[in-house]
Amino acid sequence: MDTRTKNVSLEDLQKIVGEDHAREATPEDAIDGVQPSFVAAPGSVEETSELLKFAADEGLAISPRGGGTKVSLGNPPRELDLVLSTARMDDVIEHVPGDQVVRVQAGIKLQDLQERLAGSDQMLGIDPPETQSGATAGGVVAANSSGPRRHRYGTIRDLIIGITVVLSDGTVAKAGGKVVKNVAGYDLSKLFTGSLGTLGVIAECNFRLHPRPEAARTVALEPESTQAAGAAAQAVLHAQLVPSAVELHWGEDERLLTLLIEGIPPGVEAQSDTASYLLRGFGEVRTLTDEEADTLGPSDGGEEVAVKISAPPAELTGVLDSVLGACSRRGVAPRVTGHAGIGVTYLALSGADQEAYAQIVEELREIWSRRGGSVVVREAPPAFKERVEAWGPLGSRLELTRRVKEKFDPRGIMNPGRFAGGI
Amino acid sequence: MDRRNDPPDPRETGNPYDTTDATERRDDPSGHAQDQGMAGAVGAGSPQDIPRETLGTRGSVRQTVGIGRSTETGSYVFPAFDNHHPPEKDLIDDCVHCGFCLPTCPTYVLFGEEMDSPRGRIYLMNKGLDEEPMDDTMVRHWDLCLGCMACVTACPSGVQYDKLIEATRGQVERRYERAPEDKAFREMIFQLFPYPNRLRVATAPLRLYQRFGIGGMLRKAGVMDRLPKRMKAMEALMPMMTRQQEVPDITAPVGEKRRRVGFIKGCVQRVFFSEVNAATVRVLSAEGCEVVAPKSQGCCGALSVHAGREEEFQRFARKLIDAFEDTEVDEIVINAAGCGSTLKEYDYLLRDDTEYAERARAFAAKVKDVSEFIQELGPVAERHPLPIAAAYHDACHLAHAQGVRQQPRATLKQIPGMDVREIKEAEICCGSAGIYNMVEPEPATELGDRKARNVLNTGARMIVTSNPGCMLQIQASLRRMGHSMPMAHPVEVLDASIRGEPVETLLDRR
Amino acid sequence: MERDGLISAMKSILGPEGVISEREQLRSYECDGLMNYRVIPELVVLPETAEQVQMIVRTCYEEGIPFVARGSGTGLSGGALPVEAGILIVMSRMRKILEVDIPNQRIVVEPGVINMWVSEEVANDGYYYAPDPASQIVSSIGGNLAENSGGVHCLKYGFTTNHVMGAEVVLPDGSMVNIGGGKAPDAPGYELLGAFVGSEGTLGIATKITLRIVRKPEAVRTLLAAFKDTEEAGGAVSGIIGAGIVPAAIEMMDALCIEAVETAVHPGFPQVGAILIVELDGPAAEVENQFEQTLEICEENNASEIRVAEDDAERALFWKGRKAAFAAMGRISNDYYVQDSVVPRTELGKVLKKISDLGEEYGMRVANVFHAGDGNLHPLVLYDNNVPGEAEKAEKLAGDIVFTCLEHGGSLTGEHGIGEDKKKYMPKMFTTDDLNVMQLLRCAFDPHQICNPGKIFPTPRLCGERPGPFRMHPVQKAGLAENF
């Protein structure tokens, strides 16, 4: 690690963003135990650019932050000097309902955005659980967060149509535009999706919208076994149903496979009937009330280690079996949730020691990387992440990934060490 | 009269772009309506008619010029074309280079190279008009074109590729110096096939050859393999010789006389498939036609014009027009697809001939393919049942060149009990293509085998098609694959039905 | 490397049948679907395996020879235009469908596989491949990937980039990477696949592509509505979208287009000012309901005639008419210049009026066919090349149309790509910084600038690395490039 000049004072930052918008950092601002020196919140793209240029000149390591809901994602930072908060850049720049497109500043809270869009009967088709905790649009893009509705609407990568970024040397660049169909130039919007702030700061995003569904109903199946769960998910996938979400909940006390059916009332009615009929061979089927559906969330804290497994969707049974097997052998009772139609499963581990968790993750990673999937540690104590690297191997992509990083952030000041491949 | 390029009435059936006809033919709607629409946009009946594989990837026939072709001469002519009927710039300019013709072109399907696609060939013609010489390479790619005209059907811009390739071939024949053995072989073909009497004499020994199974002996002894490829090809194509039936000069109608029609006997047709001619005359008579078959008629010149032998063609054409001069017929009926398409173009092909232009126009206006004619006339004779599954093969010169697809099928479907099966990749030529299967045996064999496989996959018990060339080609491929399937012309099937003959009549043959 | 040396090197990799070197044959590859630009390639090679592609690219990398990949050559922006003194790598012989995986709703194909074959392959299982460009019968998946092709169904279903799950790519240095999960979602690392799709062949050559296939919808209803002019038709479109309906496809054609298409493929369209083809698909109950609504909306907007497709055949006929639109232009005009501009849908009416005004001003005919749902227009400027000066006028008019679209917040291209043709307009849509940052990506993939160089960006920037010991980059030699 090269020595960097850290003769930076708070006043230097305040000169750029204003007195009220730069402060010294506190322990709450730490990322995986690494505490930065300062937190600064630029109010515009220009301020962001200036701030980054300054930081680059001074060699400061920067971590962009939106709602701070995903700061635990990735490996602990190699170093961290400044947290760049997008909290002040929270406007809707343009919303034209007739075009089903919205342009926002990256710091806008997803929740606020959805409320605003609901006024025109529209929505952004992304529903990560962190929405309630203040996740921002830019953060969702940077972390590639997603929720149950990705089954129908795709991830943020499928919804973003334009982006404005600020690179570590202060360059401001945009790509895409405000029209859904656009192949002019490279699709940098996609490149930045999931980049976790390592390529630059996302300043503005443009998204395509969908109409808000009028009605909704949740059909739930209690699968008799992991086989039944997997088979039921397959049946749903290959039927001509169009559910908004297909979710799995598998815990000690509760096992459910739920289908969220949304649309116009006659459609919801008919599809719910079809779904119920289809699922009845796999276990008990019932319709959930709104309250029941709402309480069924993903695990909400309390776990010590959170893991995400990506596998081919048809292997749901295999995933469940491998998880349950690995956990039971080490005396861990996992809480499993997942997007059953996509192949993404979330594992919340608690009640045992770090070594057990580490072994579980390693075992699962061994199995599922070979089958074309991946196992990522989403949240864990820093020490754990030293033991088990958060992302897993990049394989043949490593070299190329490094080259991309080098081009966009030659000095390596954006979130160093947090990303896959040791970037 | 060539009516292909007039905008036909969309409600009229038999329209080459008539998709209602297409899905009527297919009972399993494969793919999306969009896929069907797409297939229909290139004139195919259904997505299943567009080829799915290329043999190019399997490495069987991957041709580029200069690989093992013995017929190169180093001939170099610049400019490529002279002023006598070069391929017309206007027609070339119609091509917008969209590429929709590529998937239906048999040579593109085989080789996967741009130069062996209609788009590429037109491009070469364009270059030849002003910039490039005519040399081995150019001629090679033009020679490889089968002239099947699937591209004409497919082209959304209406490029008249048929006119372009014929003009080009004429130029090639006049200006390009072929290798001596190539020249000799072609000359031999053209001294033989357009002359029925010579053909009869030359193939007389064939009956003995076949009777005594000499071919089999030669094959077993390994001698056959050592013959030059083209000889081998010809040997493989030879049909089983049957007793020849003559068509009388004039045949009376059965019952009331509805029409007086002329009948064209053809060359290969009358020598090798004389029973088709006999059946045709019987059917026409049964449908109330007085049939006039002038004895003096010779070849229609189709093979010649398709090979670019312009002068030879014109001689044949004039003689044929003369033969029908005073016959006073309402229509002129032809049962061979390859001949029919040329006959309908007589007016265009003889447009420069001051003496014959008008007569050619009158002649061409009367020409009808026999299935076309029967449907137009409207059936009157009773059809007796023929319960059999038959695969109908669209001859290129009937389907693509004349746009006659629905009529032969209708003719068959009017026979009670007939189960007409559709062949997959129907748009792709069987490889016969005039003399193509003799001068370019390798690609022709690939295409023939491909067609034969598709035919076998229909599960039909016999093949029905309107062209003698196709019959020879598909049968040769089937034989090579160790199969055999009886074949018949649609009019032969109709004849058997009208005469109340049992199905075995059709099956116990060839 | 001398030409002969190159030819023999290629022949040793591919065998003699895989190398085309004769002049006339090379000429037939000098352009793709866009005839306005022609460059004769030095050599054309036709690989059949990914390893061969690697070896070819490796040779090019070591010798500093630029290369261009080509599929079926139907692109409309000159993306497959060869590079001077470069090799053209034609992928049309890599046409195998490698794996069909219905349980995981995916299929793995080689890049030369034709778009429509994918749908055909899985049709019997009740699936199809959603991106359906009008050229689907001949365009290849590799080409679709390079251009991020759309099609009439992309409003609802998205584009190629939403349906590609993974790709094996040969990078310009000859190494091979697997980008995108291919089997499982959310692979860790950067979204390289998303950046690769739509990169117009400038970042590498895909040799295996994993595609997502989609279950056929339960119900499909299609209608054709005739309107007095595009304005009224546009009103209907707004009404439909405003009602919260997401049609599977919603296409508009104006009078000139209708005329051309009628002459070409005779779908029997009503000869009116504008027609709208609307297709809804999805669960039956939903479709029925929304279809009724759509009919009402069309009527409210004064549709003079509404035809509902009664069966597959009629629906196929509607689509045939629409998909043959471009090529059908050849029937009413000698030449045409097709544009591919996008504007926000709410600006459509204004832009169409502007285009028609421009047409009048220039005295040239402009036909319009477009994807009304997403604002992607295809104005076809009709002209006659034989009349001196018309071609230039047409280009100028096309340029004005592009500027109009940009002024209204649109984009240079919705599906055809920038390629060679629209490079010059890039600075109108993007700032220098924007373009420089995009080129950073290119430098990461292709530091020596040999992979389809000269496309997309008007001024190529070298990446500060010397491309080979003794050879100045031809682009640099031509004084066209600057160093980063």
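Residues numbered from 1 in each chain as written. Chains lettered and ligands numbered in written order. Predicted model: local features only at pLDDT ≥ 70, side-chain atom pairs only at ≥ 80, totals over all residues.

### Quick look at the overall build of chain C
Just so we agree on the cut-off: Here a strand is any run of E in DSSP of at least two residues, a helix any run of H or I of at least four, and the numbering for each starts at the N terminus. Remark: C-beta atoms are placed from the backbone, and a residue is labelled buried if 20 or more other C-beta atoms sit within 10 Å of its own, exposed if 12 or fewer do, or partly exposed between those counts. Any pair of residues counts as being in contact when their C-beta atoms, constructed from backbone geometry, are within 7 Å of one another.
A count of helices and strands for chain C gives 17 helices and 21 strands. For the C-alpha atoms alone, the extent of chain C along its principal axes is close to 70 × 60 × 40 Å. A total of 484 residues make up chain C; the buried ones form 66% of that total. Restricting to contacts in chain C with at least 6 residues of sequence separation, those with at least 24 account for 69%.

### Here we look at the overall build of chain B
Regarding its fold elements, chain B presents 29 helices and 11 strands. A sequence separation of at least 24 residues applies to 78% of the contacts in chain B between residues at least 6 apart.

### Description of the interface of chain A and chain C
How big an interface is tends to be reported as the loss of accessible area on association of its parts. Note the threshold: Residues were grouped as follows: Ala, Val, Leu, Ile, Met, Phe, Trp, Tyr, Cys and Pro as nonpolar; Asp, Glu, Lys and Arg as charged; and all remaining residues, including Gly, as polar.
With 71 residues of chain A at the interface, the matching set in chain C holds 75 residues. Per-element accounting of the side of chain A that touches chain C gives the leading share, six residues, to helix α14 (residues 398-408) of chain A. Grouping the constituent residues of the side of chain A that touches chain C by class yields 33 nonpolar, 25 polar and 13 charged.

### Looking at unusual backbone geometry
Residue P79 of chain B follows F78 of chain B across a cis peptide bond; omega there is -5°. Its place among the elements puts P79 of chain B in the loop between β1 (76-77) and α4 (89-93). Of note in the backbone geometry, E328 of chain B takes a positive phi value of approximately 50° without being a glycine. Inspection of the secondary structure puts E328 of chain B in the loop between α18 (310-323) and β6 (331-334). The exposed category is assigned to E328 of chain B, around which 9 C-beta atoms lie within 10 Å. In this structure, Q105 of chain C is a non-glycine residue whose phi angle is positive, near 55°. With respect to the element layout, Q105 of chain C can be found in the loop between β5 (97-101) and β6 (106-109).

### Describing the domain arrangement of chain B
All names here are of chain B. Stated precisely, the cut-off is as follows: Domain delimitation follows an automatic or database domain assignment.
The domain architecture assigned to chain B consists of domain 1 (73-175), domain 2 (187-237), domain 3 (250-375) and domain 4 (382-507). One C-alpha centre belongs to domain 1, the other to domain 3, and the line joining them spans 29 Å. In this assembly, six residues from domain 1 lie in contact with six residues from domain 3. Here the residues of the side of domain 1 that touches domain 3 are counted per class, giving one nonpolar, two polar and three charged.

### Structural notes on the sheet that holds strand β10 (residues 205-212) of chain C
Residue and element names in this part refer to chain C. Short version of the rule: Strand pairing is assigned whenever DSSP detects at least two bridges linking the two strands. Only C-alpha atoms enter the line fits that serve as axes; for helices the fit covers just the stretch in contact. Angles between N-to-C directions range over 0 to 180 degrees.
Strand order in this open sheet of five strands is β5-β6-β10-β8-β9, and the pairing throughout is antiparallel. The open sheet has two edge strands, β5 and β9 (176-179), and neither has a second partner. Along the sheet, successive strands turn relative to each other by an average axial angle of 10°, direction set aside.

### A word on the domain arrangement of chain C
Residue and element names in this part refer to chain C. Parsing chain C into structural domains produces domain 1 (3-90), domain 2 (97-215), domain 3 (219-407) and domain 4 (424-483). Each of domain 2 and domain 3 was reduced to a C-alpha centroid, and the two centroids are 28 Å apart. In this complex, domain 2 contributes six residues to the contact, which on the side of domain 3 involves 12 residues. For the side of domain 2 that touches domain 3, the per-class residue count stands at four nonpolar, one polar and one charged.

### A short note on the packing of helix α6 (residues 118-130) of chain B against helix α7 (residues 136-144) of chain B
Residue and element names in this part refer to chain B. Test applied: Under this scheme an angle from 65 to 115 degrees is roughly perpendicular, one under 35 degrees roughly parallel, and one over 145 degrees roughly antiparallel; angles in between are oblique. The crossing is said to be left-handed when, going from far helix to near helix, the turn is anticlockwise and less than a right angle, and right-handed when the turn is clockwise.
One way to put it is that α6 packs onto α7 with a least axis distance of 10 Å and a crossing angle of 140°. It follows that α6 is oblique to α7 by the angle criterion. Regarding α6 and α7, the two cross each other, and that crossing is left-handed. Contact with α6, carried on its side by R121, L124 and G128, involves M138, H141 and W142 of α7 and no other residues of that element. In the contact of α6 with α7, the residues fall into three nonpolar, two polar and one charged.

### Description of the nonpolar core
Residues and elements named next belong to chain C. Our working rule: In these notes, a nonpolar core means any group of buried Ala, Val, Leu, Ile, Met, Phe, Trp, Tyr and Cys residues linked to one another through C-beta atoms within 7 Å.
Counting residues in hydrophobic clusters, the biggest one holds 425 residues, and the most contacted among them are I89, L276 and V381. It is helix α16 (residues 432-445) that contributes the most residues to this core, eight residues altogether. Setting aside chain neighbours within four positions, we find V381 in contact with Y336, Y337, M364, V366, A394, L397 and A398.

### Let's talk about the confidence of the model for chain B
Residue and element names in this part refer to chain B. To keep it simple, the criterion reads: Per residue, pLDDT measures the predictor's confidence, with a range of 0 to 100.
Model confidence for chain B is summarised by a mean pLDDT of 83, while 86% of its residues fall at 70 or above. Residue range residues 1-30 is modelled with pLDDT below 50. Its contacts to residues more than four positions away, or to other chains, number 58 contacts. Every residue in residues 54-68 scores below 50 in pLDDT, and together they form 37 contacts with partners more than four places removed in sequence or on other chains.

### Things to note about the environment of N36 of chain C
Residue and element names in this part refer to chain C. As for its placement among the helices and strands, N36 is situated in the loop between α2 (23-27) and β2 (43-45). Among the residues examined, N36 registers 13 C-beta atoms within 10 Å and is labelled partly exposed. Spatially, the C-alpha atom of N36 lies 42 Å from that of I102, the residues being 66 residues apart in sequence.

### Here's the deal with the pairing of β9 of chain C
Every other side chain in a regular strand lies on the same face of the sheet, so the side chains alternate between the two faces. Residues and elements named next belong to chain C. Across the two faces of β9 the burial differs, with V177 and I179 buried and M176 and N178 not buried at all. Looking at chain direction, strand β8 (residues 164-170) and β9 are connected through four bridges and run antiparallel. Looking at β9, one finds that V170 is bridged to M176. In this structure, the hairpin formed by β8 and β9 is closed by a connection of five residues, where G174 is found at a positive phi of approximately 90°.

### Digging into the arrangement of the chains
Inter-chain contacts occur across two pairs of chains; the most extensive set of contacts lies between chains A and C. Nothing in chain A touches chain B; the tightest C-alpha to C-alpha distance between them is still 15 Å.

### Quick word on the sheet that holds strand β5 (residues 289-292) of chain B
Residues and elements named next belong to chain B. The strand order across the open sheet formed by five strands is β3-β5-β4-β6-β7, and the pairing between neighbours is mixed. Unpaired on one side and paired on the other, β3 (250-251) and β7 (367-369) mark the two borders of the sheet. Relative to β7, β6 runs parallel, the two being bridged by three bridges. Looking at β7, one finds that I332 is bridged to V367. Contacts from helix α16 (residues 274-286) reach β3, β4 (259-264), β5 and β6, with the element oriented near 145° to β5.

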